[in-house]
Amino acid sequence: MEEVQYERMPNWKLVEIAAKELAGRSLDGTFTRKQIIDYINKVLLKGHSPRKPSSLNPVIQAVTANAPGGAPSGMGKNILWRVSRGRYRLFDPSRDKPIPEKTPGQLVELPYRGHVLKVGPRGALTIPPEVLRALGVKAHDTVVCRIRGNELVIRPVPDIRSLLREEPEVRISIEEFLAHRRELSKRLEA
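Draft legend 1. Spatial organisation of the nonpolar core. Within the largest apolar cluster, 20 residues are counted, with the highest numbers of intra-cluster contacts made by Val 15, Phe 31, Ile 36, Ile 40, Ile 60, Val 63 and Leu 80. Broken down by element, this core gets its largest block of residues, 6 residues, from helix 1 (residues 11–25).

Spelled out as structure tokens, the structure:
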């Protein structure tokens, strides 16, 4: 029988093998990132060059069905399901619904319907890059934020060309517009 050459396998496949083994050994079927990485390096790759956590962590993220982001090599491979911070189990297609595949410029809705942001000590919010990309906002762009009920709505400030392409919200005749301007001018002069 030929020996399995784990050192030649892609990281996502090593994560899958490690996760299946760890799930079988755990009483509740859960395990941690550290356990996955340790199993890969100390068991599967024993005697070979270890894989760095910095290369395995993005793959673990990418193969976790209910977590956005991660390494492109693992995208679309539903292997893990995150049950709590740093704790995983095997993905179960009969009960777990993965995040849909991302397309460029598309924001993926998370199961809790948005992204969780932490407010900094001075009240600053750091908005994830994928949210900014989905909004079409780049560094140094200007955005408008409004409060709607108990929600904060953030929108990019449109440029004049995009405003001119939009349908107007209210239609008035030129005569009505000029009469309104005259009325405003009178009030300002008084």
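Draft legend 2. View of the sheet that holds strand 1 (residues 31–32). Read from one edge to the other, the open sheet built from 3 strands follows the order 1-3-2, with strand pairing classed as antiparallel. Strands at the two margins of the open sheet, each flanked by one partner only, are strand 1 and strand 2 (80–84). In this sheet, strand 3 (residues 87–90) lies alongside strand 1 in antiparallel orientation, the contact comprising 2 bridges. Across the sheet, the residue bridging to Phe 31 is Tyr 88, located in strand 3.

Draft legend 3. Highlighting the pattern of salt bridges. By the definition in use, this model includes 8 salt bridges. For Asp 92, the salt bridge is made with Arg 95, and the minimal N-O distance between the two is 3.6 Å. In this structure, Asp 141 engages Lys 138 in a salt bridge whose closest nitrogen and oxygen atoms are separated by 3.7 Å. Through salt bridges with shared partners, one network takes in Lys 13, Glu 16 and Lys 20.

Draft legend 4. Quick peek at the pairing of strand 2. Sheet topology note: the strand 2/strand 3 ladder contains 4 bridges and is antiparallel. Bridge pairing links Ser 84 to Arg 87 in strand 3.

Draft legend 5. Expanded view of helix 2 (residues 33–44). Compared with the 16 Å implied by 1.5 Å per residue over 12 residues, the 15 Å span of helix 2 between its first and last C-alpha is a close match. Every buried residue belonging to helix 2 is among Ile 36, Ile 37, Tyr 39, Ile 40, Asn 41 and Leu 44, and all of these are buried. The inward-facing, buried residues of helix 2 abut helix 1, strand 1, helix 3 (53–62) and strand 2.

Draft legend 6. Quick look at the packing of helix 2 against helix 3. The interhelical angle for the contact between helix 2 and helix 3, taken along N-to-C directions, is 125°, at an axis separation of 11 Å. As the angle between them shows, helix 2 and helix 3 are arranged oblique. Where helix 2 crosses over helix 3, the handedness of that crossing is right-handed. Contacts between helix 2 and helix 3 involve Arg 33, Ile 36, Ile 37, Ile 40 and Asn 41 from the first element and Pro 53, Leu 56, Asn 57, Ile 60 and Gln 61 from the second. Broken down by class, the residue content of the contact of helix 2 with helix 3 amounts to 6 nonpolar, 3 polar and 1 charged.

Draft legend 7. Highlighting the environment of Ile 154. On the secondary structure map, Ile 154 appears in strand 5 (residues 151–156). When neighbours within four sequence positions are excluded, Ile 154 is seen to be in contact with Ile 127, Leu 135, Val 143, Val 144 and Cys 145.

Draft legend 8. Fine view of the side chain of Arg 89. Relative to the helices and strands, Arg 89 resides in strand 3. Owing to a relative accessible area of 12%, Arg 89 belongs among the buried residues under this scheme. Those residues in contact with Arg 89 that lie beyond four places of it in its chain are Gly 29, Thr 30, Phe 31, Ile 79, Leu 80, Trp 81, Val 83, Arg 95 and Asp 96.

Draft legend 9. Seen up close, the packing of helix 1 against helix 3. Where helix 1 meets helix 3, the closest approach of the two axes is 9 Å, and the angle between their N-to-C directions is 70°. With respect to helix 3, the element helix 1 is oriented roughly perpendicular. Residues Asn 11, Trp 12 and Val 15 of helix 1 lie in contact with helix 3, whose contacting residues are Ser 55, Leu 56, Val 59 and Ile 60. Of the residues that constitute the contact of helix 1 with helix 3, the class distribution is 5 nonpolar, 2 polar and no charged.

Reading the values: rules and limits
Residues numbered from 1 in each chain as written. Predicted model: local features only at pLDDT ≥ 70, side-chain atom pairs only at ≥ 80, totals over all residues. Heavy atoms only, no water. Core = buried A, V, L, I, M, F, W, Y, C linked by side-chain atoms within 4.5 Å. Buried < 20%, exposed > 50% of the residue type's maximum accessible area, 1.4 Å probe, protein only. Helix = DSSP H or I, 4+ residues; strand = E, 2+ residues; numbered from the N terminus. Pairing = 2+ DSSP bridges. Salt bridge = Lys/Arg side-chain N within 4 Å of Asp/Glu carboxyl O. Expected span 1.5 Å × (residues − 1). Contact = heavy atoms within 4.5 Å. Axes fitted to C-alpha atoms, helices over the stretch in contact; angles between N-to-C directions. Parallel < 35°, antiparallel > 145°, perpendicular 65-115°, else oblique. Left-handed = near helix turned anticlockwise from the far one by under 90°. Nonpolar A, V, L, I, M, F, W, Y, C, P; charged D, E, K, R; others polar.

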